[in-house]
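Architecture at a glance
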Amino acid sequence: MFTIVLYILAAVLLLVSFVKDRRKTKMALKKAWKSFENILPQFIAILIIVGIMLAIISPEMISRLIGNQSGWIGMLVAATIGAITLIPGFVAFPLAAALLNGGAGFMQIAVFISTLMMVGVVTIPVEISYFGKKATLLRNAMAFLFSFVVAIVIGVVLK
Amino acid sequence: MIKLMIRYRVALALIGINLLLLIISPAIGRTSIEMTGNNAMEMLAVIPPIFILLGLLDVWIKRETMIKLMGEKSGLVGILIAFLMGSAAAGPLYAAFPVAGLLLKKGSKLSNVFIFIGAWSTTKIPLLLFEASAMGWKFMLTRFMINIVGIGMIAFAIEKLLGSEDKKEIYEKATEMN
């Protein structure tokens, strides 16, 4: 749905731009391609790493690691798996719901979702090429720690 | 050709590893190729509009305008724009980095760019709807509200912890990458 909105927005603006100034529009498309091609090698690498990872780490395996009464160790494991793996959202939430039904705790799931979305170990090289080492490491480290805060609050609210 | 091979060397090596995996453990190798294919399709679906918008932004929005909207003195307006832009996004976090690079190149404040990254990573509207249906509204709303606080705190902390040298380097990188 949102992708469609995004497409319509891009198409309309592209048309407006084309009517206003053809040369500028051509330049915009050239720039769009250039910024894409700039990170395409890294994109491809990420896609393959994620593919291999998802093939090796199955939902059953994750479920075993952060299942019943896994407590703080379970949370740490959940956070680490979330930080390393890169699972698209539409796979992640059904997986999270399944894990919950399989006996994983709300806190483990919350920390997993949070690091999954905010921390990207696999994409760190791309992030560094835009923000440098220091900012990238700071962002990922803080997001990792913050994920535990999220989990604790969720644990309290959803008790 | 050789230049191209060097640029794509990591990707090529990974393709090699995956093929090796296919020989050693056909089941894992096949699943992995399937997953990569699925993810590639998902990425290709969202990437064209994002990069077209990126190109249009680059050509049409003047640096002065961007500085006014999201620069050092943009205040609350800048924060809001950054948050809304990130939340309205679709696509994986790594697609946000080029957009962030352009925002920096055009003179956005660093903390605003990190608010944008934070919002893109965790308060994306399309994903929130998904989250609510999978995990329930209470879970989603609780996480959403703490995240608003967390995104801001992380963004300001990064800005504070970076020295002026680091910042200069970041802005130089952004100009070079876009």
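Worth saying up front: this structure is predicted, and the values here are computed from it rather than measured. (Residues numbered from 1 in each chain as written. Chains lettered and ligands numbered in written order. Predicted model: local features only at pLDDT ≥ 70, side-chain atom pairs only at ≥ 80, totals over all residues. Heavy atoms only, no water.)

1. Some details on the interface of chain A and chain B
The interface of chain A with chain B comprises 74 residues on the first partner and 76 residues on the second. Around 6900 Å² of area is buried between chain A and chain B when both sides are counted, 80% of it from carbon and sulfur atoms. Counting every contact that joins chain A to chain B gives three salt bridges. K31 of chain A serves as the salt-bridge partner of D58 of chain B, at 3.6 Å between the closest nitrogen and oxygen. (Contact = heavy atoms within 4.5 Å. Buried area = accessible area lost by both parts, 1.4 Å probe. Salt bridge = Lys/Arg side-chain N within 4 Å of Asp/Glu carboxyl O.)

2. What to know about the domain arrangement of chain B
A common way to report how large an interface is uses the accessible area buried once the components associate. Split by domain assignment, chain B resolves into domain 1 (1–45) and domain 2 (61–176). Each of domain 1 of chain B and domain 2 of chain B was reduced to a C-alpha centroid, and the two centroids are 31 Å apart. (Domains from an automatic or database assignment.)

3. Describing the packing of helix α6 (residues 96–105) of chain B against helix α7 (residues 110–122) of chain B
All names here are of chain B. Running from amino to carboxyl end, α6 crosses α7 at an angle of 160 degrees, the nearest separation of the two axes being 10 Å. It follows from the interaxial angle that α6 and α7 lie roughly antiparallel. You can see that α6 and α7 cross each other, and the crossing is right-handed. Facing α6, whose interface residues are A96, F97, V99, A100, L103 and L104, α7 presents L110, V113, F116, I117 and W120. Classifying every residue of the contact of α6 with α7 gives 11 nonpolar, no polar and no charged. (Axes fitted to C-alpha atoms, helices over the stretch in contact; angles between N-to-C directions. Helix = DSSP H or I, 4+ residues; strand = E, 2+ residues; numbered from the N terminus. Parallel < 35°, antiparallel > 145°, perpendicular 65-115°, else oblique. Left-handed = near helix turned anticlockwise from the far one by under 90°. Nonpolar A, V, L, I, M, F, W, Y, C, P; charged D, E, K, R; others polar.)

4. Observations regarding helix α8 (residues 125–135) of chain B
Residue and element names in this part refer to chain B. If you check which residues of α8 are buried, you get L127, L128, E131, A132 and M135. Summarising the axial view, the buried residues of α8 lie within an arc of 140 degrees, below the 170-degree limit, and thus occupy one face. Positive backbone phi, approximately 95 degrees, marks G136, located one or two places after α8. (Buried < 20%, exposed > 50% of the residue type's maximum accessible area, 1.4 Å probe, protein only. Arc of directions from axis to C-beta.)

5. Some words on the UniProt feature "transmembrane region" (unreviewed entry) in chain A
Per the UniProt annotation, the sites labelled "transmembrane region" (unreviewed entry) are residues 43–62, 74–100, 106–126 and 138–158 of chain A. Note that residues 138–158 of chain A is 95% helix and 0% strand, and that its end C-alpha atoms are spaced 30 Å apart. (UniProt positions renumbered as here; feature names shortened; annotations may be inferred.)

6. Topic: a negative patch on the surface
All names here are of chain B. Taken together, the side chains of E165, E169, E172 and E176 define an acidic patch exposed on the protein surface. For E176, the position within the fold is in helix α10 (residues 164–177). With a relative accessible area of 64%, E176 lands in the exposed category. (Patch = residues over 30% accessible without salt bridge, like charges linked within 9 Å, V, L, I, M, F, W, Y side chains within 5 Å. Areas by Shrake-Rupley, 256 points an atom, 1.4 Å probe, with all protein chains shown as cover. Lys, Arg positive; Asp, Glu negative; His and termini not counted. Charge placed at Lys NZ, Arg CZ, Asp CG, Glu CD.)

7. A closer look at the environment of T85 of chain A
Residue and element names in this part refer to chain A. Position of T85 among the secondary structure elements: in the loop between α4 (71–84) and α5 (89–101). With a relative accessible area of 4%, T85 lands in the buried category. Between the C-alpha atom of T85 and that of I128, which follows or precedes it by 43 residues, the distance is 18 Å. If we skip the residues at most four places from it in the chain, T85 touches M53, I57 and L116. Of the polar contacts made by the side chain of T85, one reaches the backbone oxygen of I81; its length is 2.6 Å. (Polar contact = N/O pair within 3.5 Å; in protein donor to acceptor, adjacent residues only side chain to side chain.)

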